[in-house]
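Observations on the three-dimensional arrangement
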Amino acid sequence: MDKVFIGIDVGSVSTDIVALDVEGNILSTQYLRTNGQPIEAARKGLRNLKEEFKGDIEVLGVGTTGSGRQLTGIMVGADVIKNEITAHATATITLVPGTRTIFEIGGQDSKIIFLKDGMVTDFAMNTVCAAGTGSFLEHQAERLGIPIEEFGDLALTAKKNVRIAGRCTVFAESDMIAKQQYGFSKAEIINGLCEALVRNYINNLGRGKKLEPPYVFQGGVAANKGIVAAFERELNHEVIVPKNHGVMGAIGAAILAKEYIERTGRTTNFRGFECTDLDFTPTSFICGGCDNSCEVIKVEMNGKAMAMWGDRCGKWTNSIA
Ligand code: SF4
């Protein structure tokens, strides 16, 4: 029987699930679309995992991260629930020791994390500007009729440089259309777009900060060779893309669960794979207790309130026995 630690990263675009063995080796990785239903995605991933191991699997610990970490953490009985910065940094430090700067670009958000001696010293996140994320690239690939998987390779074939205004998606799109009309090839425009995205990312997230190598690039967009090359040209330095760059948050969550269980000697809170069958309902309401009007999230399992959060004063969080 395989003994594993599970990491679950529930984001707005994808839900990633990994299993590590007791030595920390990666045994299984999954990337699932969240499709606005984080609980369903986590359920599906756990069922897949059980099937993959033909049920012959013992879970020693579980960690969750990502925007749906609390919800999923309650459903599965997570041992640790950690924010994305901690989870990503943990995975990177473990897989690429000595990393100083992490570039993370996902489908709908991006972040930069600065490290020194294996500790996070600073970070910045972008959750509002689409021009620095994968969804922008996907949209432009679609507009140009190029499969997103071919986008990066095509960028590498560009013969000339063309500068695309990348400050925001609207500017970039109209500038690309203009450059197409001037006669630049698709490859050149795409290459210009990769450079615009990298410039935009570094200007937004790295503004006023010292970027130091080793650089590690992760997140779904790290699969795009055009973006990797644009980073390397901009920084004039090699950028490392780890093998499992798309599921680093989940890897970090699994490592943190492993460290926690090993450090405390506790047994896991994991509810078992049967947790995927529990009736599990999140609801939200606006508290009228004061002018803060907090949006409080309440999660019920089989009719019993399991957890509440979102209240600034703790009134509801503390009401759960
Ligand atoms: S949860 Fe607390 S802080 Fe928020 S509105 Fe209610 S009473 Fe006010």
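Note that the structure is a prediction, hence the values are computed from the model and not measured.

Description of the overall build of the protein chain
Within the protein chain, the regular secondary structure consists of nine helices and 13 strands. In summary, the protein chain has a C-alpha radius of gyration of 21 Å against a globular reference of 20 Å for 321 residues, a match within 12%. Expressed as a percentage of its 321 residues, the buried residues of the protein chain come to 50%. Restricting to contacts in the protein chain with at least 6 residues of sequence separation, those with at least 24 account for 61%. When the accessible surface of the protein chain is split by element, carbon and sulfur atoms take 49% of a total near 15,400 Å². Looking at charge distribution, the protein chain has the averaged site of its 34 positive side-chain charges lying 4 Å from that of its 38 negative ones.

Observations regarding the domain arrangement of the protein chain
One can read the domain layout of the protein chain as domain 1 (2-89 + 249-276), domain 2 (98-241) and domain 3 (280-319). Computed over C-alpha atoms, the centres of domain 1 and domain 3 are 24 Å apart. Counting each side, the surface lost to burial between domain 1 and domain 3 is near 660 Å², with a carbon and sulfur contribution of 82%. Remark: the boundary between domain 1 and domain 3 carries zero residue pairs in polar contact (both at pLDDT 80 or more).

Some details on the pattern of salt bridges
Pairing between side chains becomes possible if they bear opposite charge and their charged atoms approach one another. Applying the stated criterion across every chain yields a total of 12 salt bridges. In this structure, K111 and E104 form a salt bridge, with 2.9 Å as the shortest nitrogen-oxygen distance. The partner of E262 in a salt bridge is K258, with the nearest N and O atoms 3.1 Å apart. Highlighted residues: E262 and K258, both in helix 9 (residues 248-264), separated by four residues, approximately one helical turn. Among the residues examined, K258 registers a relative accessible area of 14% and is labelled buried. Salt bridges here are not isolated pairs; linked through shared partners, they connect R100, K210 and E212.

Some details on the packing of aromatic side chains
What characterises a pair of aromatic rings is the spacing of the ring centres plus the angle enclosed by the ring planes. This structure, assessed with the given rule, holds seven aromatic pairs. Relative to Y215, the ring of F103 lies with its centre 5.6 Å away and its plane at 20 degrees, an arrangement referred to as stacked. Linking F103 in strand 6 (residues 101-105) with Y215 in strand 9 (residues 215-218), this pair joins segments that are 112 residues apart in sequence. Classification of F103 by relative accessible area gives buried; the value is 0%. Taken together, a centroid distance of 5.6 Å and an interplanar angle of 85 degrees make the contact between Y201 and F231 edge-to-face. With a gap of 30 residues between them, Y201 in helix 7 (residues 186-205) and F231 in helix 8 (residues 225-235) connect regions that are remote in the sequence. With respect to class, Y201 is no different from F231; both count as buried.

Thoughts on the sheet that holds strand 11 (residues 280-286)
The antiparallel open sheet is built from three strands, whose spatial order is 11-12-13. Since the sheet does not close on itself, it has two edges, and those belong to strand 11 and strand 13 (304-309), each with one partner. Adjacent strand axes in the sheet meet at a mean angle of 25 degrees when their direction is disregarded. Sheet analysis places strand 12 (residues 295-301) next to strand 13, joined by five bridges and oriented antiparallel. Bridging from a neighbouring strand, K298 pairs with M308 of strand 13.

Description of the site of the ligand
With respect to spatial proximity, the complete set of residues near the ligand consists of C287, G289, C290, N292, S293, C294, D311, C313, K315 and W316. Taken together, the residues of the shell around the ligand break down into five nonpolar, three polar and two charged.

Reading guide: rules and limits
Residues numbered from 1 in each chain as written. Predicted model: local features only at pLDDT ≥ 70, side-chain atom pairs only at ≥ 80, totals over all residues. Heavy atoms only, no water. Helix = DSSP H or I, 4+ residues; strand = E, 2+ residues; numbered from the N terminus. Rg over C-alpha atoms; globule rule 2.2 N^0.38 Å. Buried < 20%, exposed > 50% of the residue type's maximum accessible area, 1.4 Å probe, protein only. Contact = heavy atoms within 4.5 Å. Areas by Shrake-Rupley, 256 points an atom, 1.4 Å probe, with all protein chains shown as cover. Lys, Arg positive; Asp, Glu negative; His and termini not counted. Charge placed at Lys NZ, Arg CZ, Asp CG, Glu CD. Domains from an automatic or database assignment. Buried area = accessible area lost by both parts, 1.4 Å probe. Polar contact = N/O pair within 3.5 Å; in protein donor to acceptor, adjacent residues only side chain to side chain. Salt bridge = Lys/Arg side-chain N within 4 Å of Asp/Glu carboxyl O. Phe/Tyr/Trp six-rings, centres within 6.5 Å; stacked < 30°, edge-to-face > 60°. Pairing = 2+ DSSP bridges. Axes fitted to C-alpha atoms, helices over the stretch in contact; angles between N-to-C directions. Near = heavy atom within 4 Å. Nonpolar A, V, L, I, M, F, W, Y, C, P; charged D, E, K, R; others polar.

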